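# Commentary on secondary and tertiary structure
In case you want the letters, here they are:
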Amino acid sequence: MIVIRLPGALREYAGGNTELEVNAQTVQEALASIVAAYPVLRRHIFDDRGALRGHVNVFLNEDDVRFRQGLETSLRKDDVVTIVPSVAGGQPAASELSPEEKARYSRHLSLPDVGLAGQKKLKSASIAIVGAGGLGSPSSLYLAAAGVGRIGLIDFDNIDTSNLQRQILYRSDQIGASKARTAAAELKRLNPEVELVVHETRLTRGNALDVLAGYDVIIDGTDNFPTRYLVNDACVLLGKPYVYGSILRFDGQLSVFDAQRGPCYRCLFREPPPPGLVPNCAEAGVLGVLPGIIGAGQALEAMKWILGLPGVLVGRLQLFDALTFRWREMTLRKHPQCPVCGPNPSITGLIDYDEFCGVKPIVQNDQAEVAEIDVEELKAKLDSEKDVQLIDVREPFEWEIANLGEYGAKLIPLNELPDRLNELDPGRDVLLHCRSGARSMRAAEFLKANGFPRVTNIAGGILAWADRVDPSKPKY
Ligand SMILES: [Zn+2]
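Predicted model, so just to flag it, every value in this text is computed and none were measured.

This paragraph deals with the overall build of the chain. In terms of regular secondary structure, the chain is built from 18 helices and 18 strands. The C-alpha extent of the chain, read off along each of the three principal axes, is 85 × 55 × 40 Å. Looking at the chain as a whole, 37% of its 476 residues qualify as buried. For the chain, the proportion of contacts with a sequence separation of at least 24, taken over those separated by at least 6, is 67%.

Laid out in structure tokens, this is it:
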């Protein structure tokens, strides 16, 4: 007989057994016989294609089977096969609830669909929240309050004045402080029973699998396409549910992507929009309470998933219109050619998401189409040369907040540029700026293609100017 040792995290799916005995000739056969006996185990060990999950390692006696013949490694009598999943921070024990916890969660305990068993599931569960901002604030507050045992906060940013209109974790006297650390302290005050893990880092292709592997459910509170695709792909590769939310102006979207059971984000949006085509919240605005509604919805779906309640938004996309207060539901299907969760995936590891989304920073070299200077160089140029055309391609409301009018800047919003080329002199230098440098780069490329050879983009835009040249300029 072969002994298979199960880690704590998998025992509940194997009838509570810590060891199972099987007859098998190879590691593959041994694992196949335990998933045949306990079918729920399958998705914790194998992916959709029947391959061993990336975060699960199998040892034969003391050796990692990857360094022998993998799953084909043959077995001999009395061999011990040990399954070792990666676990960050240790699996919290599904311990009994203390009297304080019973009092704290009494409204859950009296709810038959949660009860003591459900509350213990919440206590044993872990949730990663990517982005502690508008969506991450309400979702983390509710999940901490509800007693989710371990909450990971992934954010590298600091609190800015413009965050306070909707990021309800933060207070005015915390401006400038680390979001992840401040959020953890606030949530700990709300519920000292909860373990908070601070990941003060940008999620990248290099760290995403390691960071996210340690959590049961991933909540996406990001505001940019590269991170969304990164989180989606990492969740598909790890076999984890990805609770999706997005907000812009008065519109919200909400869904749960669980490639084990339904479509993923790429099944819905195969490719990101070209950079600049879809504005972000900083450019287009967002109504303050909208992230509260969508973020609370994400917390709700994460809790339903952990509790095993029916009706999780897998395969369903909710669209919320705050102006009409109407929710509409779209049915989502798994795309047969999905490059990451389809039967023949072309993406089997994490890729370069900045490049995929076309937001790779412009490299200053001979091939660069458009010259780019930083704000310090701009300041020197404006102070020494009078014969430049400084064009601001933002919207009029942005100009109202802050502008470079004292240097003769002229406002020509990006979408008006094609009709107003006659206001520019192709024989003189044209310097272009926007909020952070993306829109002005598009404007610069447009001008370059339309007979303006002397075009320069200002990297970092007026935000960089406010940071490094003139702090009296308001940031937004
Ligand atoms: Zn997919």
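The discussion continues.
Now for the domain arrangement of the chain. Per the domain assignment, the segments of the chain are domain 1 (2-85), domain 2 (99-356) and domain 3 (371-468). Distance from the C-alpha centre of domain 1 to the C-alpha centre of domain 3: 61 Å.

Mapped onto the secondary structure, Ala177 falls in the loop between β7 (150-154) and α8 (179-190). For Ala177, a count of 15 C-beta atoms within 10 Å gives the class partly exposed. Note: C-alpha distance between Ala177 and Asn61 (116 residues apart in sequence) is 48 Å. When near neighbours in sequence (up to four residues on either side) are disregarded, Ala177 contacts Asn158, Ile159 and Thr182.

Before going further, it helps to examine α8. Between the first and last C-alpha of α8 there are 16 Å, a value that for twelve residues agrees with the 16 Å anticipated at 1.5 Å per step. The inward-facing, buried residues of α8 abut α7 (136-146), β7 and β8 (195-199).

As a further point, take helix α18 (residues 461-468). Residues of α18 that are buried: Gly461, Ile462 and Trp465. End-on, the buried residues of α18 take up no more than an arc of 125 degrees, which puts them together on one face. Where α18 is buried, its residues touch α15 (375-384), β17 (429-433), α17 (438-449) and β18 (455-458).

The biggest cluster of nonpolar side chains holds 69 residues, and the ones touching the most others in it are Ile127, Leu212, Ile218 and Ala302. A total of nine residues in this core trace back to one element, the largest contributor, which is helix α10 (residues 225-238). If we ignore the near neighbours within four places in the chain, the residues touching Leu212 are Ala128, Ile218, Ala234, Cys235, Leu238 and Lys240. Residues Val393, Leu432, Cys434 and Val455 belong to the second largest nonpolar core, which totals 20 residues.

Strand β13 (residues 326-331) sits mainly on the outside: zero of its six residues count as buried. Note: strand β12 (residues 316-321) against β13, six bridges, orientation antiparallel. For Leu319, the partnering residue across the bridge sits in β13 and is Arg328. Connecting the antiparallel pair β12 and β13 is a turn made up of four residues, with Phe325 showing a positive phi of about 50 degrees.

Our focus in this paragraph is the sheet that holds strand β16 (residues 410-411). If you trace the five strands from one edge of the open sheet to the other, you get β14-β18-β17-β15-β16, paired in parallel fashion. Only two strands of the sheet have a single neighbouring strand rather than two, namely β14 (371-373) and β16. Here β14 runs beside β18; their pairing, made up of three bridges, is parallel. Across the sheet, the residue bridging to Ile373 is Ile458, located in β18. Here α17 sits on the sheet in contact with β17 and β18, set at roughly 175 degrees to β18.

Moving on, we come to the packing of α7 against α8. The geometry of α7 relative to α8 is characterised by a closest axis approach of 9 Å and an angle of 35 degrees between their N-to-C directions. For the element pair α7 and α8, the recorded crossing hand is right-handed. Of α8, the residues touching α7 (which contributes Ser140, Leu141, Ala144 and Ala145) are Ala183, Leu187 and Leu190.

Take the confidence of the model for the chain next. Mean pLDDT for the chain: 89, with 94% of residues reaching 70 or above. Low pLDDT, under 50, characterises residues 89-93; the stretch is placed with ten contacts to residues that sit more than four places away or in other chains. Note that pLDDT drops below 50 for residues 362-368; the model gives that stretch five contacts with residues more than four away or on any other chain.

With respect to the helices and strands, Phe250 occurs in the loop between β10 (242-248) and β11 (251-257). Along the primary structure Phe250 and Asp321 are separated by 71 residues, whereas in three dimensions their C-alpha atoms are 6.0 Å apart. In this structure Phe250 touches Leu287, Leu290, Asp321, Ala322 and Leu323, once residues within four positions along its chain are discounted.

We now examine the sheet that holds β12. The strand order across the open sheet formed by eight strands is β8-β7-β6-β9-β10-β11-β12-β13, and the pairing between neighbours is mixed. Each edge of the sheet is formed by a strand with only one pairing partner; in this case those strands are β8 and β13. With direction set aside, neighbouring strand axes in the sheet form an average angle of 15 degrees. Packed on one face of the sheet, α8 meets β7 and β8 and runs near 175 degrees to β8.

What follows covers unusual backbone geometry. Even without a glycine there, the phi angle at Asn61 is positive, about 50 degrees. Counting through the fold element by element, Asn61 comes out in the loop between β3 (56-60) and β4 (63-64). Not every positive phi belongs to a glycine, and Phe325 is a case in point at roughly 50 degrees. In this fold, Phe325 is placed in the loop between β12 and β13. For Phe325, a count of 8 C-beta atoms within 10 Å gives the class exposed.

Two strands pair when backbone bridges link them, and β11 and β12 are joined in this way by four bridges, in the antiparallel orientation. Following the sheet pairing, Gln253 is matched in β12 by Leu319.

About the thresholds
Residues numbered from 1 in each chain as written. Predicted model: local features only at pLDDT ≥ 70, side-chain atom pairs only at ≥ 80, totals over all residues. Helix = DSSP H or I, 4+ residues; strand = E, 2+ residues; numbered from the N terminus. Buried ≥ 20, exposed ≤ 12 C-beta atoms within 10 Å, placed from the backbone. Contact = placed C-beta atoms within 7 Å. Domains from an automatic or database assignment. Expected span 1.5 Å × (residues − 1). Arc of directions from axis to C-beta. Core = buried A, V, L, I, M, F, W, Y, C linked by C-beta atoms within 7 Å. Pairing = 2+ DSSP bridges. Axes fitted to C-alpha atoms, helices over the stretch in contact; angles between N-to-C directions. Left-handed = near helix turned anticlockwise from the far one by under 90°. pLDDT = per-residue confidence, 0-100.

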